[in-house]
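# Structural features, examined
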2 protein chains.
Amino acid sequence: MKIALAQINTRIGDFEANLSKILSCISRAKSEGADLVVFPELIVCGYPPLDFLEFEDFVKRSQIAVRKIADACHGIAAIVGAPDENPVPEGKNLFNAAFFLQNGRVESVVHKTLLPTYDVFDEYRYFEPNHNVFECITCKGKKIALTICEDLWDIEEDKMYTLWPMDKLVVQKPDLMINIAASPFSYGHDVSRKRVLHKAASDYGLPLFYVNHVGAQTELIFDGGSMVLNRNGNIVCELNYFEEDFRIFDLGHINTAPAVDFKLASAFRPEEVNIEAIHRALILGVRDYFSKLGFKKAILGLSGGIDSAVVYALAVEALGKDKVLGVLMPSQYSSDHSISDALLLAKNLGAATETIPIQPAFKELMHSLEHGFAGKPADVTEENIQARIRGVLLMALSNKHGYILLNTSNKSEAAVGYGTLYGDMCGGISVIGDLYKTHVYSLARHINRDKEVIPENILLKAPSAELRPDQKDSDSLPEYDILDEILYQYIEQRLGPAEITAKGYDAKLVARILKMVNTNEYKRYQTPPVLRVSPKAFGLGRRMPIVGHYLS
Amino acid sequence: MKIALAQINTRIGDFEANLSKILSCISRAKSEGADLVVFPELIVCGYPPLDFLEFEDFVKRSQIAVRKIADACHGIAAIVGAPDENPVPEGKNLFNAAFFLQNGRVESVVHKTLLPTYDVFDEYRYFEPNHNVFECITCKGKKIALTICEDLWDIEEDKMYTLWPMDKLVVQKPDLMINIAASPFSYGHDVSRKRVLHKAASDYGLPLFYVNHVGAQTELIFDGGSMVLNRNGNIVCELNYFEEDFRIFDLGHINTAPAVDFKLASAFRPEEVNIEAIHRALILGVRDYFSKLGFKKAILGLSGGIDSAVVYALAVEALGKDKVLGVLMPSQYSSDHSISDALLLAKNLGAATETIPIQPAFKELMHSLEHGFAGKPADVTEENIQARIRGVLLMALSNKHGYILLNTSNKSEAAVGYGTLYGDMCGGISVIGDLYKTHVYSLARHINRDKEVIPENILLKAPSAELRPDQKDSDSLPEYDILDEILYQYIEQRLGPAEITAKGYDAKLVARILKMVNTNEYKRYQTPPVLRVSPKAFGLGRRMPIVGHYLS
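Just so we're clear, the structure is a prediction, and the values are computed from it rather than from any experiment. (Residues numbered from 1 in each chain as written. Chains lettered and ligands numbered in written order. Predicted model: local features only at pLDDT ≥ 70, side-chain atom pairs only at ≥ 80, totals over all residues.)

## Section: the overall build of chain A
The following threshold applies: By the criteria applied, helices consist of DSSP H or I runs no shorter than four residues and strands consist of E runs no shorter than two, each listed in order from the N terminus. For the radius of gyration, the atom set is restricted to C-alpha positions; the globular benchmark scales as 2.2 Å times the number of residues to the power 0.38. Each residue is classed by its C-beta neighbour count within 10 Å, where at least 20 other C-beta atoms makes it buried, 12 or fewer makes it exposed, and intermediate counts make it partly exposed; the C-beta atoms are placed from backbone geometry.
Within chain A, the regular secondary structure consists of 20 helices and 19 strands. For 552 residues, the compact-globule estimate of 2.2 N^0.38 gives 24 Å, and the C-alpha radius of gyration of chain A, at 26 Å, lies within 12% of that figure. Projected onto its principal axes, the C-alpha positions of chain A cover 85 × 50 × 50 Å. Classification of the 552 residues of chain A by burial places 57% in the buried group.

In structure tokens, the structure reads:
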């Protein structure tokens, strides 16, 4: 029996284009002699469809597409993920389903049992879980234990559910397992995923075919990496990461094939993240954000600092050097090196720049505000005005020429509110908003791995917002290596102040940082979506009260 | 047996203040002869705690508070809502629990069975549902069927769950029901709530004590309206709406007390909403947003139009006339009446204004952008620049003087993207962002019910953004009565294009409007939280893909 894995990139709600991509994979699989072609979870409607699932019209269009796919399944079978209607009035209206299609019809439907409802996942919002139907499907005389993503996942120690679908299916003595998934990237997640799939295949003693989404959907980046494991849990083959892929495997050859080596890491600290994978994820994230919205050109502000330098380099790599405009907006406080460093960067990238000094507009606005400020002394307000003038200029160029503005904030400053709302916090998408400052440096060094793209001076100088004379980030913030460690303990590890302090940090500093994080929730609420590369990014996956009084 | 209902307003995570408020209610209840005092759902930690529930530290502080409350329960019993730890490793780590406290200890704990996971609710994200423990509690010899909010709610036709806690409890022959709730306001929801509670009391033939949260938590406004119903389902008494309240009832007198009349409405169309309730909700929403964040003063831009007029009037009512600054920022396109109307409004309100013309800054910015615009013709960019200069000025005054900026966008323009991101879409909180334009007019007339607060001319003139000569909203948008009806069908009723067209609207117009809604998701993602007064507000309760291609 030959099984094809179709790791494709679909767009949410674009039923026609998704259908056409699925049909062409089926046709290819058939012509290449496959008996069964397997697609990822909810591939027909795109993932995550979010509240579109609450529209009958959306669900109907998906059903029509599934029928059309079934029509194409002659001489070949297919498994596709799509929502299925719950026929009884009790419970939620939909199931998250895998449709097994052959002989021109829906042969059977498997409903997802374990519905992830944590971090970025909200599946219980839409779906009724399967409680009591556990049946293997049969294809070409082989019995298949078919599960959907999370159904195979909860086999680690901290169990989140109370029911295990594979335990129900294994008693029917299946010949193999298939799992269809929509499992987004985060650093370290690829390793966890392999550990889980290895454990499933070896515990149940069955070969496992795993097919995952690829492509970015706003903040979520699906990394692909579909794979086949033999009954010992060894990975026989991995599909490509961060791009579409299609491969056919002969079930008869799986168990005799030599295992591909893979390392099981045990933990991942901030300094141990896989920068290369993050780099590829961000490129895909930027590229898909633009292509799926139908945009081609990006704009960003260039400060001469590390954050905008990294975003500029990523954007040029993702979109092309003729598609990215860097804008220098010097003020009276800008150092000479901030301009020369930014220009050297642009030269290295071969990309265009525009320079617009902000003093004239700043002077005029300060004049307009003379009465309103009533002689009060200068404070952070004047710094914010400069940042907001830059926001106005960037958005003006964006509107006039059809650029999308790239936000250049990093996770450290977003966490503590070290940024100006409607100023440097503007943008359509936040490219490095899930990277702590120390990670941004690692990424810059990775970008420079073969040749100097980002000028060394940008990597060496002390970070500064340059909004007042001789300002340094370290005037208002702890050094980034300390700050990032504490933020990581609070945000990713969800430790409280006593637990963090017990790790050897100063209690007052910890309290101050946690308070900054919590009281700046109102700013993060209004920022662009953040490309997610960590297990806990700001945005969809982290929901915090704005009005509250906890550690604040 | 005497039962006290303590309808209080607590702050999320403010354990010390919440505890002190709860203890003083217990002490008052005891001194007034009550046997039992009942508090709302999750009152100890505040509602909704959101992802703070993922912090062990947060849960521990809540547990300590529950123990302290138990310590105070001598000679009186109490029921308080708080998270409870799940002792087994399987399933989520917490239960949403009602603690029954008497004799200085936790006498028993009831876990919530039905976990709302839709619209603004994410309870399955945090809690394990109760599956199989259904036990009445006993207080003063009376058997009480104690449930938590949703547990009593799913008795309508479209059942969302597959288990009904009261059906399990009623076989134990309880003497009464108690339901502790955190049920936020939306227009019409008070009527649904009464219908549900009426049905529960009369179906089970039991008196029902219902206690709800009051107070606003960012976007969610809890309206209180706790109540007691007799075994016929008649409402014996309602506690106050939109404010804290405390009442003691004698169980023995409930069934003989005369029923208070209440009307059961069957539907609510946009024009049938209860404007008076919306008015009170918004006042509470603004007041609590400020007081819970520790701010006193508001600022807003005054355009001379209806939206800013209504927000100005609401802010003055909520915060006091000496606490609200209205800022006029005329441009070359501003009509004379936009200035005179705004000034007359301020005079009527007795509140201060400041006037800052924006032409000088606009001219200077256009000059700065000369090269960047490369001789391209004027378009919407120049309109956006004007709106963004106003944003910069308002935020500057806000930063300098410690005002919170009030956003004045309405739901119609937020829906179709008729607004400038980082311009008029700025603000800490969106006051009328859940009111369609036609509702804003109704609210303005309601504000003017006794005397003219909002000048009649503001109510009569055609809506205009005044960003180019002789501009009218109707140049780019359909008339608001048509637009709002179509938006309502799509947003609140979740109908698709064919279903809306079938109601008698032009198919092309419907397609155009739905496309505007979907393609402007990226703007709404970055807007301030919206005070929620409808069953489907933008924000937390409506989660849509930004990158997608459905009806777009």
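## A short note on the sheet that holds strand S4 (residues 94-102) of chain A
Residue and element names in this part refer to chain A. Quick note on the threshold: At least two DSSP bridges between two strands are required for those strands to pair. Angles here are taken between N-to-C directions and fall from 0 to 180 degrees, while the axes themselves are lines fitted to C-alpha atoms, restricted in helices to the stretch in contact.
Strand order in the open sheet made by the six strands is S5-S4-S3-S2-S1-S14, with mixed pairing throughout. The open sheet has two free edges, formed respectively by strand S5 (105-111) and strand S14 (245-250), since each of these has just one partner strand. This sheet shows a mean twist of 30° between the axes of neighbouring strands, independent of strand direction. Bridge count between strand S2 (residues 36-38) and strand S3 (residues 77-85): three bridges; the pairing is parallel. Among the inter-strand pairings, Val38 is bridged to a residue of S3, identified as Ile79.

## A word on the nonpolar core
How we decide: Nonpolar core, as used here: buried Ala, Val, Leu, Ile, Met, Phe, Trp, Tyr and Cys residues forming one set through C-beta atoms within 7 Å. By the convention adopted here, residues are in contact when the distance between their C-beta atoms, placed from the backbone, does not exceed 7 Å.
Formed by 374 residues in total, the largest nonpolar core has its most connected members in Val38 of chain A together with Val38 of chain B. Every residue in contact with Val38 of chain B, bar those within four places of it in the chain, is listed here: Ile3, Ala4, Leu5, Ala6, Ile79, Ile178, Ile180, Phe209 and Val211 of chain B.

## Topic: the relation of the copies chain A and chain B
Stated precisely, the cut-off is as follows: We place the copies in one frame by least squares, fitting the C-alpha atoms of every residue whose pLDDT is at least 70 in both.
Mapping chain A onto chain B leaves a residual RMSD of 0.0 Å; the transformation is a rotation of 180° accompanied by 0.0 Å of translation along its axis. As the rotation angle and translation indicate, the two copies are arranged about a two-fold axis. Judged by C-alpha distance, Gln526 of chain A is the residue of chain A that lies nearest the rotation axis, at 2.1 Å. Here 99% of the contact residues of chain A are again contact residues in chain B; the copies associate through an equivalent surface.

## Concerning the interface of chain A and chain B
Facing 79 residues of chain A, the contacting portion of chain B comprises 80 residues. Here the side of chain A that touches chain B gets 14 residues from one element, more than from any other, and that element is helix H12 (residues 380-401) of chain A.

## Considerations on the domain arrangement of chain A
Residue and element names in this part refer to chain A. For clarity, the threshold we go by: Where a domain begins and ends is set by an automatic assignment or by a domain database. Residues are grouped as follows: Ala, Val, Leu, Ile, Met, Phe, Trp, Tyr, Cys and Pro are nonpolar; Asp, Glu, Lys and Arg are charged; every other residue, Gly included, is polar.
Domain annotation for chain A reports domain 1 (2-266) and domain 2 (272-476). Taking only C-alpha atoms into account, the centre of domain 1 sits 40 Å from that of domain 2. On the side of domain 2, 11 residues touch domain 1, which itself brings 12 residues to the contact. Class assignment of the residues belonging to the side of domain 1 that touches domain 2 gives a composition of six nonpolar, three polar and three charged.

## Regarding the sheet that holds strand S9 (residues 208-212) of chain B
Residues and elements named next belong to chain B. Pairing within the open sheet is mixed, and its six strands lie in the order S6-S7-S8-S9-S12-S13. Pairing within the sheet leaves two strands with one partner each, and these edge strands are strand S6 (137-139) and strand S13 (235-238). Averaged over all neighbouring strand pairs, the angle between strand axes comes to 20°, with direction disregarded. As paired strands, S9 and strand S12 (residues 227-229) are joined by three bridges and run antiparallel to one another. When the bridges of S12 are listed, Phe209 appears paired with Val228.

## Considering the pairing of strand S8 (residues 176-181) of chain B
All names here are of chain B. Cut-off, in case you're wondering: A clockwise course of the path from the first strand over the helix to the second, judged with the strands pointing away from the viewer, identifies a crossover as right-handed.
Counting buried positions along S8 yields six of six residues, so the element is predominantly enclosed. The alternating pattern of S8 places Leu176, Ile178 and Ile180 and Met177, Asn179 and Ala181 on opposite faces, both of which are buried. Here strand S7 (residues 142-148) runs beside S8; their pairing, made up of five bridges, is parallel. Of the residues in S8, the one forming a bridge with Ile148 is Ile180. Pairing of S8 with S9 involves five bridges; the strand directions are parallel. In the sheet register, Ala181 faces S9, and the bridge partner there is Asn212. The β-α-β motif built from S8, the intervening helix H5 (residues 189-204) and the parallel element S9 has right-handed crossover chirality.

## Re helix H9 (residues 336-349) of chain B
Residue and element names in this part refer to chain B. The condition that has to hold: Expected helix span is computed as 1.5 Å times (number of residues minus one).
With 14 residues, H9 should reach 20 Å at 1.5 Å per residue; the first-to-last C-alpha distance of 20 Å fits that figure. Where H9 is buried, its residues touch strand S15 (297-302), helix H8 (306-319), strand S16 (324-328), strand S17 (352-355) and helix H15 (456-460). Just past H9, the residue Gly350 takes up positive phi, approximately 70°.

## Here's the deal with unusual backbone geometry
Following Tyr47 of chain A, the chain continues into Pro48 of chain A via a peptide bond in cis, with omega recorded as 0°. In this fold, Pro48 of chain A is placed in the loop between S2 and helix H2 (56-72). Phi at Arg494 of chain A is positive, roughly 50°, even though this residue is not glycine. Despite not being glycine, Thr218 of chain B has its phi angle at roughly 55°, a positive value. Among the secondary structure elements, Thr218 of chain B is positioned in the loop between strand S10 (214-217) and strand S11 (220-223).

## Topic: the packing of helix H7 (residues 275-293) of chain A against helix H14 (residues 437-447) of chain A
Residue and element names in this part refer to chain A. Heads up, the condition is: An angle below 35 degrees is read as roughly parallel, one above 145 as roughly antiparallel, one from 65 to 115 as roughly perpendicular, and any other as oblique.
Running from N to C, H7 and H14 point in directions that differ by 85°, and their axes come no closer than 10 Å. The angle between the axes of H7 and H14 places the two elements in the roughly perpendicular class. From H7, Ile275, Glu276, Ile278 and His279 reach across to H14, where they touch Ser442, Leu443 and His446. Within the contact of H7 with H14, the residues separate by chemical class into three nonpolar, three polar and one charged.

## Overview of the environment of Ile69 of chain B
Residues and elements named next belong to chain B. One can find Ile69 in helix H2 (residues 56-72). Taking the C-alpha atoms as reference points, Ile69 and Val44, separated by 25 residues in sequence, lie 9.5 Å from one another. The contacts of Ile69, once residues within four sequence positions are left out, are Leu19, Ile22, Leu23, Ala78, Val80 and Leu101.

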